[in-house]
Amino acid sequence: MLCDSEIFNKLPLGPRPELNYRTVTGKLKSIWESHPDKETLIFFDDDNERTSLKNEEIQLLAQKCSSLLRSHGVRKGDVVCNLLQSSLEREVTNFGIILAGAIVMHGDVINDTSHHFWTPILQANARYLIVEPVAESTGWKMLMDDIEPSGADIERSTNAEYPQIQKVFKFRLEHHMKDVNREAVKSAFDLMKAHPGVYEERVFSHDPAAIFVAQGSQKHYKLVLRNHSQLCQIAHRVEDMFNVTPEDVVYNDWPISWLAGLPFCYISTGCSMVKSTLTECPAQKVVRETWSLIEDEHVTIASLHPPMIQMLSSHCDDLPEPHWTLKVLSTTGFVRQSVMDAIGTCTTSIVTCYSLIEAGVVSRLRLTEENKTRFSEGCVGDLSDPVRTKFDTEGNGSAKATKVGEILLQGKLVCKEYFNDPNLTKMSFTNDGFLMTGDLGFYNEENQLFVLGRKVDAIIRGGTAIFPRDIEEKVNQCPGIWKVKVVSIKDYKGIVQMCACVIPRTDDSLTIERVKEFCRYQLGGTYDADDNPHMPTYVFFFEEFPMHKGTVNRRMLAYMASEIVHGNANCEY
């Protein structure tokens, strides 16, 4: 009796599909076939070992992966959740899923080891899962007890609670198999290479192609479905933002637009993409190895976290001139003025952008030696066409300077709903169709957008939106302070007040009054009247902060501080 793969590979493949440049498959084939010998996917592991793939190798592996998936039941429109972490295998597998006409679900951000792990997978109605079968993998921890214990590389799920899960593909990553007996254990690429035949589904621009996953508050995952046309448009937007050419070499430790997995510059231009696991290393090694990687690979564009940019800038200050210089550094999120020191040191320009999985790249700001002095913290520049905004304070898409309000978005690439989540959709969109981002911002007189931070993180005091990180950064410079967190509490009159919760250094004699005096100096209060809304009314000392999953539990910390204010707990203040 023939197995599934044998039956499948006897079927005719049909006529060769024509290239459709409004689909990811069409763009990929164009790149692969026009420059087959070009090395375009490059990967470095924690041991600084380099592996790479040429376009012709990527094409063959992706087509074989597509055929492998199809032979095990994956069909056009099926959702395949890819739980693999950053690697060449993840990128090739994503391409293979799309070539099979299926939908890539980017599951690498799903890191729960509780029932929350299954929530986004069930929400997406994913039938097939791809996981690395190692103890460090969150997906494997959740799946290992729910598959047939046959030792095969593709297993049937036996989980009666989630019968929709059909099969689990165990794809081992090459850089984690250095000491493994390859005779007994196969890598993901071994499985693909051994599979006979190739496959490519005919797809259209309106066909769904990818589900992007973001982690919201309270372990709630947000899912956004994109079709082929939208992915291509996002790719062109990123290309335009960076001025990317096919000759560029792009490195990133922060995938642009929070759209992990698909390398947008690659599917748009065919440029070389460099990825690594360096973010898992100690900080000093990360900086040294990252810059060495950038130099050795002749990287021209890098997309990095703001702290990494600052550390690289300091590192390059110590290098003799002339040294390698990037043509563009890119970052996203709230960018401090100090990041601008990288211009002239390790890059000729910095592009900062505002991006969401729901909207792709919303705005961008390019800064050079000529205009970096005019940069203001929080500025993210001009909107990317055709996105438009609306502020609750204005009620229209005004191009004039506005008050601070929640940023509302609408446009061609702004999603209209969250995938299979009507409750979240209802909560997140206005009646006239604007996405409520949850971010606070405003326009200045030059019609540039400023993003101040998350609405949920803001403390509204005296009509002013205050973000704890701004105060913490300044107060933490006080001699004798080890850690500080700022929370809001209500005093005995019910008025919102700021509270600085401090863990002192054990070898310093720190007093509350010294902390308050330092706050007045940094934040602008006076001894007689601390009338600056940023000035903490209370300062409490703690031996430790309450933690939850590795981060400070601000809600519990605020509760503890409130109990002290109302006389229900003892603490120095």
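None of these values were measured; they are calculated from a predicted model.

Rules used in this analysis
Residues numbered from 1 in each chain as written. Predicted model: local features only at pLDDT ≥ 70, side-chain atom pairs only at ≥ 80, totals over all residues. Heavy atoms only, no water. Pairing = 2+ DSSP bridges. Helix = DSSP H or I, 4+ residues; strand = E, 2+ residues; numbered from the N terminus. Axes fitted to C-alpha atoms, helices over the stretch in contact; angles between N-to-C directions. Phe/Tyr/Trp six-rings, centres within 6.5 Å; stacked < 30°, edge-to-face > 60°. Lys NZ or Arg CZ within 6 Å of the ring centre and 35° of its normal. Buried < 20%, exposed > 50% of the residue type's maximum accessible area, 1.4 Å probe, protein only. Disulfide = S-S within 2.5 Å. Expected span 1.5 Å × (residues − 1).

A. Local environment of the sheet that holds strand β3 (residues 79-82). Spatially, the seven strands line up as an open sheet ordered β6-β7-β5-β3-β4-β8-β9, and their pairing is mixed. Two strands close off the open sheet at either side, each with one partner strand: β6 (154-156) and β9 (221-227). In this sheet, adjacent strand axes meet at a mean angle of 20° when their direction is disregarded. Pairing between strand β5 (residues 128-131) and strand β7 (residues 167-170): four bridges, direction parallel. Among the inter-strand pairings, leucine 129 is bridged to a residue of β7, identified as valine 168.

B. A look at unusual backbone geometry. The amide bond that connects glutamate 321 to the next residue, proline 322, takes the cis arrangement and shows omega of -10°. Tracing the chain through its elements places proline 322 in the loop between α11 (306-317) and β13 (328-332). At asparagine 48, a position not held by glycine, the phi torsion is positive, near 65°. Counting through the fold element by element, asparagine 48 comes out in the loop between β1 (39-44) and β2 (50-54). Look at asparagine 447: it is not a glycine, yet its phi comes out positive at around 60°. Position of asparagine 447 among the secondary structure elements: in the loop between β19 (435-443) and β20 (449-454).

C. Quick look at the packing of aromatic side chains. Evaluated as defined, the whole model comprises twelve aromatic pairs. Relative to tyrosine 521, the ring of phenylalanine 518 lies with its centre 6.4 Å away and its plane at 50°, an arrangement referred to as tilted. Of this pair, phenylalanine 518 and tyrosine 521 both sit in helix α14 (residues 512-523), three residues apart, which is roughly one turn of the helix. Positioned above the aromatic ring of phenylalanine 467 is the side chain of arginine 469, whose terminal nitrogen or guanidinium carbon lies 5.3 Å from the ring centre. The ring centre of tryptophan 482 lies 4.3 Å from the NZ or CZ of lysine 483, which sits over that ring.

D. Up close: the pairing of β20. Counted residue by residue, β20 has five buried out of six residues, so it is predominantly covered. Across five bridges, β19 lies against β20 in antiparallel orientation. When the sheet's bridge partners are listed, tyrosine 443 is paired in β20 with leucine 449. Between β19 and β20, which pair antiparallel one after the other, the connecting turn spans five residues, and asparagine 447 there sits at a positive phi close to 60°.

E. Main features of the state of the cysteines. Under the criterion given, the structure shown has zero disulfides. Take cysteine 265: it sits in no disulfide, and the sulfur closest to it among the cysteines is that of cysteine 271, at 5.0 Å.

F. Region of the structure containing helix α3 (residues 55-71). End to end, α3 covers 24 Å across 17 residues, agreeing with the expected 24 Å (1.5 Å per residue, within 8%). Taken from the residues just after α3, glycine 73 is the one with a positive phi, measuring 105°.

Such coordinate-based values are descriptive only and should not be taken to indicate function.
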